[in-house]
Amino acid sequence: MRAHYRAEGLVGSDLAASPYDQFARWFKDATVAGLHEPNAMVVSTVDPAGRPSSRTVLLKAFDDRGFVFFTNYNSRKGRELAENPAISLLFPWHPLARQVVVTGTAERIGRDETAAYFRTRPHGSQLGAWASDQSARVGSREELERAYEELAARYPEGEQVPAPPHWGGYRIAAETIEFWQGRLNRLHDRLRYVREGDAWSVERLAP
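Owing to the predicted nature of the structure, the values given are computational and were not obtained by experimental measurement.

1. Some points on the overall build of the chain
Along the chain, the regular secondary structure elements total five helices and nine strands. When the helices and strands of the chain are placed in sequence order, the string is α-β-β-β-β-α-β-β-α-α-α-β-β-β. C-alpha extents for the chain along the principal axes are approximately 55 × 40 × 35 Å. A buried classification covers 38% of the 207 residues belonging to the chain. Taking contacts inside the chain between residues at least 6 apart in sequence as the whole, the part at least 24 apart equals 64%. Within the structure as shown, the chain displays about 11800 Å² of accessible surface, and the carbon and sulfur contribution to it stands at 49%. Mean positive and mean negative side-chain charge positions of the chain (27 and 27 charges, respectively) differ by 5 Å.

2. Structural notes on the pattern of salt bridges
Applying the stated criterion to the full structure yields 10 salt bridges. A salt bridge links Arg-51 to Asp-47, with the nearest nitrogen and oxygen atoms 2.8 Å apart. Given the relative accessible area of 12%, Asp-47 is considered buried. Arg-192 is the partner of Glu-203 in a salt bridge, and the nearest nitrogen-oxygen pair spans 2.5 Å. Taken together, the residues span a long stretch of sequence, with Glu-203 in strand 9 (residues 199-205) and Arg-192 in strand 8 (residues 189-196) at a distance of 11 residues. Taking the relative accessible area as the measure of exposure, Arg-192 reaches 25% and is therefore partly exposed. When salt bridges with common partners are traced through the structure, they connect Arg-183, Asp-189 and Arg-204 into a single cluster.

3. Overview of the nonpolar core
Considering soluble globular proteins, one finds that nonpolar side chains tend to be buried as a cluster. The biggest cluster of nonpolar side chains holds 31 residues, and the ones touching the most others in it are Phe-23, Phe-67, Leu-89, Phe-91, Trp-93 and Val-100. Where this core is concerned, the elements lending two or more residues are helix 1 (19-32), strand 1 (40-46), strand 4 (66-72), strand 5 (86-93), strand 6 (98-108), strand 7 (167-181) and strand 8.

4. Section: the side chain of Ser-75
Looking at the element boundaries, Ser-75 is found in the loop between strand 4 and helix 2 (76-83). When its relative accessible area of 0% is taken as the criterion, Ser-75 is described as buried. Filtering out sequence-adjacent residues up to four positions away, Ser-75 remains in contact with Gln-134 and Ser-135.

5. Digging into the environment of Arg-121
Residue placement: Arg-121 occurs in the loop between helix 3 (111-118) and helix 4 (123-131). Residues Arg-121 and Glu-149, spaced 28 residues apart in sequence, show a C-alpha to C-alpha distance of 18 Å. Dropping the residues within four chain positions of it, Arg-121 is found in contact with Gln-126, Ala-129 and Trp-167.

6. Focus: helix 4
Within helix 4, burial applies to His-123, Gln-126, Leu-127, Ala-129 and Ala-131. Of the surrounding elements, those touching the buried residues of helix 4 are helix 3, helix 5 (141-154) and strand 7.

What counts and how
- Residues numbered from 1 in each chain as written.
- Predicted model: local features only at pLDDT ≥ 70, side-chain atom pairs only at ≥ 80, totals over all residues.
- Heavy atoms only, no water.
- Helix = DSSP H or I, 4+ residues; strand = E, 2+ residues; numbered from the N terminus.
- Buried < 20%, exposed > 50% of the residue type's maximum accessible area, 1.4 Å probe, protein only.
- Contact = heavy atoms within 4.5 Å.
- Areas by Shrake-Rupley, 256 points an atom, 1.4 Å probe, with all protein chains shown as cover.
- Lys, Arg positive; Asp, Glu negative; His and termini not counted.
- Charge placed at Lys NZ, Arg CZ, Asp CG, Glu CD.
- Salt bridge = Lys/Arg side-chain N within 4 Å of Asp/Glu carboxyl O.
- Core = buried A, V, L, I, M, F, W, Y, C linked by side-chain atoms within 4.5 Å.

These figures capture arrangement, not role.
This is how it looks when you write it as structure tokens:
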């Protein structure tokens, strides 16, 4: 169970000036290659005792301000981010022998931005955001489905569902963004952008 990477390399002179522009290039490559959910990313947070936890969520937007995802603010990750906004994102694009690793801080986005995105979600996903007390213990599957059906009766298809007050987005302002390209003999290319004030420097890491 050991893949032999033979991909082309990654050199500093090929990188975009901005890591967000470089991410856009690689994200486009992942999309064109037909990867399943190329916007899926592993989000890692830590609890007050410093114990990490990870889960997969979907990236919903990115620009030079950072990376955006949405969740229940009362979920485990929401509670942990309220205590410590430090966060890591990992995009595991295995078929391309690529990874992107982001470290930074998470900040809640504005309610107007959250509401605008919430309106674009499928009706069922809107109801699900209300029905699920994310990360809390639930007695049974039937209990969860009953809560959903009650909401479906209250907000039938075609009727606007308000965004829950406990649900919204986070924007991750990156401090480092590493681009990892698999290479032959495990001599992988790892180029990391590091924020220095309003500018970025790039450093090569040993594989």
